[in-house]
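Listed below are the residues making up each chain.
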Amino acid sequence: MNNPLISPGLGVFVWQIISFAILVFILAKFGWPMILKSLKQRESAIEESLNAAEKAKEEMKNLTSHNEELLKEAKRERDELLRNARLTSESIIEDARAKASADANRIIESAREQINNERMKAVHELKNQIANLSIEIAEKLIKQELSDKEKANDVIRRQLEETDLR
């Protein structure tokens, strides 16, 4: 078992240490600052991201409370609009009822006047008919009484006496 990797000789061991020292020196001179700089940049980027996330969280809280206020305001406005609409509809209905009632009263009053006019007309016609009938009856009675000359003179005399010619 003479494998140089498992049991290296003193020369190989020295060269490995020198190579390792050169590697450490090069990494310490050029690599570590770059690696540390990258780590610092990454750390600051992560910290900025965390701060941004915290700010976003605060903004979301503010937006949520603002949205809730807006929602409450919108609900109040909706309720106000509904109340106004209800009051307006009730007002319109009440106006329509009042107008309908006034129209009905006007129509009823017009019908009453028309009925009274028709009644007066009927009474007037009835009186005229009664007067005509009375005249016809009186005419027939007078013809019958005046058919006799003596009775006719007697009726004329009585009428003249009853009539006051002042």
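Coordinates for the structure precede this section.
Just so you know, these numbers come straight off a predicted model, no measurement behind them.

K.L.:
Which residues make up the overall build of the chain, and what values go with them?
P.N.:
Counting its secondary structure elements, the chain contains 2 helices and 0 strands. Relative to the 2.2 N^0.38 estimate, which gives 15 Å for 166 residues, the radius of gyration of the chain is 65 Å and therefore markedly larger than a compact globule would have. Looking at the chain residue by residue over its 166 residues, the buried ones come to 2%. Carbon together with sulfur atoms contributes 61% to the accessible area of the chain, which is approximately 15,800 Å² in total. If you average the places of the 27 positive and of the 29 negative side-chain charges in the chain, the two averages end up 7 Å apart.

K.L.:
Please set out the pattern of salt bridges residue by residue, giving values where relevant.
P.N.:
Following the criterion strictly, the structure yields 4 salt bridges and no others. Here arginine 78 ties to aspartate 79 by a salt bridge, and the two come within 3.1 Å at their closest N and O atoms. You can call arginine 78 partly exposed: its relative accessible area is 47%. Relative accessible area serves as the criterion here: at 37%, aspartate 79 is assigned to the partly exposed category. Note that glutamate 80 is salt-bridged to arginine 83, the shortest N-O span being 2.7 Å. Of this pair, glutamate 80 and arginine 83 both sit in helix H1 (residues 10-146), 3 residues apart, which is roughly one turn of the helix. Arginine 83 sits in the partly exposed class, given a relative accessible area of 39%.

Basis of the calculations
Residue numbering note: each chain is counted from 1, following its sequence as written. It should be noted that, the model being predicted, local features are given only for residues of pLDDT at least 70 and side-chain atom pairs only at 80 or more, the latter also being counted only at that level, while totals for whole chains, interfaces and linings use all residues. Think of the side-chain values as coming from all heavy atoms in the structure, minus any hydrogens and water. By definition, any uninterrupted DSSP run of H or I lasting at least four residues is a helix, any uninterrupted run of E lasting at least two residues is a strand, and each is numbered from the N terminus. To get the radius of gyration, use the C-alpha atoms; to get the globule rule, take the number of residues to the power 0.38 and multiply by 2.2 Å. Exposure categories follow from relative accessible area, calculated using a 1.4 Å probe and restricted to protein chains: below 20% of the type maximum is buried, above 50% is exposed, and the middle band is partly exposed. Computed with a 1.4 Å probe, the accessible areas rest on the Shrake-Rupley method; for each residue, only the protein chains presented here act as cover. For the charge count, each Lys or Arg is scored as positive and each Asp or Glu as negative, with His and the chain ends excluded. Where a charge lies is defined by one atom per residue type, namely NZ (Lys), CZ (Arg), CG (Asp) and CD (Glu). The rule for a salt bridge is simple: a side-chain nitrogen of Lys or Arg has to be within 4 Å of a carboxyl oxygen of Asp or Glu.

Purely geometric stuff here, so don't read any function into it on its own.
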